Amino acid sequence: MNVIPCVRRRLLAAFGWLFFVGTLAATAAEIPGVWYGALAWGDYDSDGRPDLVVTGSTNQSPADGITQIWRNTGSGFVDINAGLPGLSHSTAAWADYDGDGRLDLLLNGWDRNGVRLTQIWRNTGSGFVNSGIALPGTFWGSVAWGDFDNDGRPDIVLTGWDTNTVRITQIWRNTGSGFTNINAGLPGVDSSAVAWGDYDNDGRLDLLLTGTSSSGDICQIWRNTGSGFVNANIPLPGVSLGSVAWADYDGDGRLDLLLAGNAALDRITQIWRNTGSGFVDSGIALPGVQYAAVAWGDYNKDGRPDILITGDTATQRVSQVWGNTGSGFTNANLVLTPVYWGSVGWADVNGDGWMDLALTGDSSTGRVFQIWQNPPPVLAPGATTLAASGVTTSGAGLNGTVNPNGFATGSYFEYGTTTAYGSKTATNNAGSGSSGVAVNSGLSGLGSGTSYHYRVVAVNAGGSVNGADQGFTTGVPAPSATTLAASGVTTSGAVLNGTVNPNGFATGSYFEYGTTTAYGSQTATNNAGSGSSGVAVNAGLSGLG
């Protein structure tokens, strides 16, 4: 088995905060680069991680066709060597057709011997086996699963050139014991794309069909009446060599359609808005492409579906993500490898809640397969300033809480005698957790009896956040007092003497006296000043016993 580690390259910041990191899984010894093929995400082993099927040609001919299933291990991808037929000009789709709770695989295309085939490979839980269900082999076509008759079993639409070189479009109903062609009367197409979607909200899946028919390129919506399919006769531009997808891009509750490919006069990529009574071209400017692949996906988690487009504009290959702003679409200008003749798909590969993307196709340097990881935005930290503690005449402890919000975060305190602060503590590591952590810093050498302002500051790659301002006032130092010997002692009086050091703050002094150490009497208070050295103080007593 080949095991692919997640090798990352940071590329750029683009649409707002968004950037993609390339987890490049495209070397000859790993997931092979292909064109004329398809990729499809599906959790075939029910471990909660999307796995991948890749099919297509690694070079030029059917003999170079591959079909491989790569299991997502959580730390990379592993080829399970499923024994599937190598295909080119191929498509693939996942569904649990037999209701056993495991995703099975529908394939069609050209095998390495030039044989056209369509096969369902059943997931046994320990591998994949060909179901042996007889379906018409096609290539240059498309397949899709959809429960058109609402019986709880996924049915199949398939298109392309069959083994008699006849264009076909057929719907095969899943009976539970096999599949039956319902002879829906749809126009046969090749170079085609199909998609199921309930465009009229009647609870039944309708069919969007594009490709080259015997009368030229078409784009048709076939409405499911419950007893069959009828052409809705909605005027849409016919395309071939393209791609289609449904999504409610404008949030009005109706499915709109994204359409790309080679039209009669030019390459196009258009969004057709579902008005409820028909479809109108939205007029949104997107790069027109053929050999196209398109997919909807909300890559920035704003609740609006965005667009991934690859293909050929006639002057260049493109691979672009267009962000849905709610009032239009903006090119995210992500540096993705430009490809055509490829396939694309969105999935949350690493389980971080953000849609990643995969693409295949032919680039300027050859065939590629790539997964581009969409890392979550770095959230700014939270910061709360708490009350100071341990306030002394010359110091204090500053306290706060910081929430790193999952990203490496540092914190420090700003402080000073005004809200301009002017000083700060050293930066400490607040970790990368997702809950509040206590942070603190001790100050010393402060002025006595001074009011200070302070706040906590938290910083990570998402930004710098200031906690609210708090304040404290340092204490005033106590004066020092020395009692000296009395003087001028008489039968009824004495002079009491001492020295007092105000230690820089306005100080008063008095003497306590009495016949015991309980004293009981005191002299009047006198001003000792506010100096920083000892001053003599005295008081005369009279009327003593």
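Note: the structure precedes this text.
Just so it is clear, the structure is predicted and the values come from calculations on it, not from any experiment. (Residues numbered from 1 in each chain as written. Predicted model: local features only at pLDDT ≥ 70, side-chain atom pairs only at ≥ 80, totals over all residues. Heavy atoms only, no water.)

A.B. asks: Tell me about the overall build of the chain, and please be specific about residues and values.
C.D. replies: Helix and strand content of the chain: zero helices and 47 strands. For a compact globule of 545 residues, the expected C-alpha radius of gyration is about 24 Å, and the chain comes in at 39 Å, more than 25% above that figure. Viewed in the frame of its principal axes, the chain has a C-alpha envelope of about 140 × 50 × 45 Å. Among the 545 residues that make up the chain, the fraction classed as buried is 51%. Contacts in the chain between residues at least 24 apart in sequence constitute 49% of all its contacts with a sequence separation of at least 6. Total accessible area computed for the chain in this model is approximately 22,800 Å², and 48% of it derives from carbon and sulfur atoms. (Helix = DSSP H or I, 4+ residues; strand = E, 2+ residues; numbered from the N terminus. Rg over C-alpha atoms; globule rule 2.2 N^0.38 Å. Buried < 20%, exposed > 50% of the residue type's maximum accessible area, 1.4 Å probe, protein only. Contact = heavy atoms within 4.5 Å. Areas by Shrake-Rupley, 256 points an atom, 1.4 Å probe, with all protein chains shown as cover.)

A.B. asks: Before we move on, could you go through the packing of aromatic side chains and cite the residues and values that matter?
C.D. replies: This model, assessed by the stated rule, comprises 24 aromatic pairs. Pairing Trp110 with Phe139 gives two aromatic rings, centres 4.5 Å apart and planes at 40 degrees, and the pair type is tilted. Residue Trp110 is located in strand 9 (residues 104–111), and its partner Phe139 is located in strand 12 (residues 138–139); the two are separated by 29 residues in the primary sequence. Note on Phe139: relative accessible area 6%, which makes it buried. Ring geometry for Tyr452 versus Phe472: centroids 5.5 Å apart, planes at 20 degrees, classification stacked. With Tyr452 in strand 38 (residues 451–460) and Phe472 in strand 40 (residues 470–473), this pair connects stretches of sequence that are 20 residues apart. The two residues Tyr452 and Phe472 agree in class, both being buried. Within the aromatic cluster, the residues linked to one another by ring pairs are Trp35, Tyr36, Trp140, Tyr291, Tyr340 and Trp341. (Phe/Tyr/Trp six-rings, centres within 6.5 Å; stacked < 30°, edge-to-face > 60°.)

A.B. asks: Which residues make up the pattern of salt bridges, and what values do they have?
C.D. replies: The full count for this structure, using the stated rule, is twelve salt bridges. Ionic pairing is found between Asp302 and Arg304, a salt bridge with its closest N-O pair at 3.0 Å. With a relative accessible area of 29%, Arg304 lands in the partly exposed category. Salt bridges here are not isolated pairs; linked through shared partners, they connect Arg317, Asp362 and Arg367. (Salt bridge = Lys/Arg side-chain N within 4 Å of Asp/Glu carboxyl O.)

A.B. asks: Explain the sheet that holds strand 26 (residues 306–312) to me, and be specific about the residues and the numbers.
C.D. replies: Reading across the sheet, the four strands line up as 25-26-27-28 and stay open at both edges, with antiparallel pairing between neighbours. Lying at the two open borders of the sheet, with one neighbouring strand each, are strand 25 (290–297) and strand 28 (329–331). Strand-to-strand twist of the sheet, defined as the mean angle between neighbouring strand axes without regard to direction, takes the value 25 degrees. (Pairing = 2+ DSSP bridges. Axes fitted to C-alpha atoms, helices over the stretch in contact; angles between N-to-C directions.)

A.B. asks: For the pairing of strand 41 (residues 480–487), give the residues involved together with the corresponding values.
C.D. replies: Relative to strand 42 (residues 494–501), strand 41 is paired through six bridges, and the arrangement is antiparallel. When the sheet's bridge partners are listed, Ser487 is paired in strand 42 with Val495. Following strand 41, the chain reverses through six residues before pairing antiparallel with strand 42; Gly488 in that reversal takes a positive phi of roughly 60 degrees.

Keep in mind that these numbers describe shape and distance, not what the molecule does.
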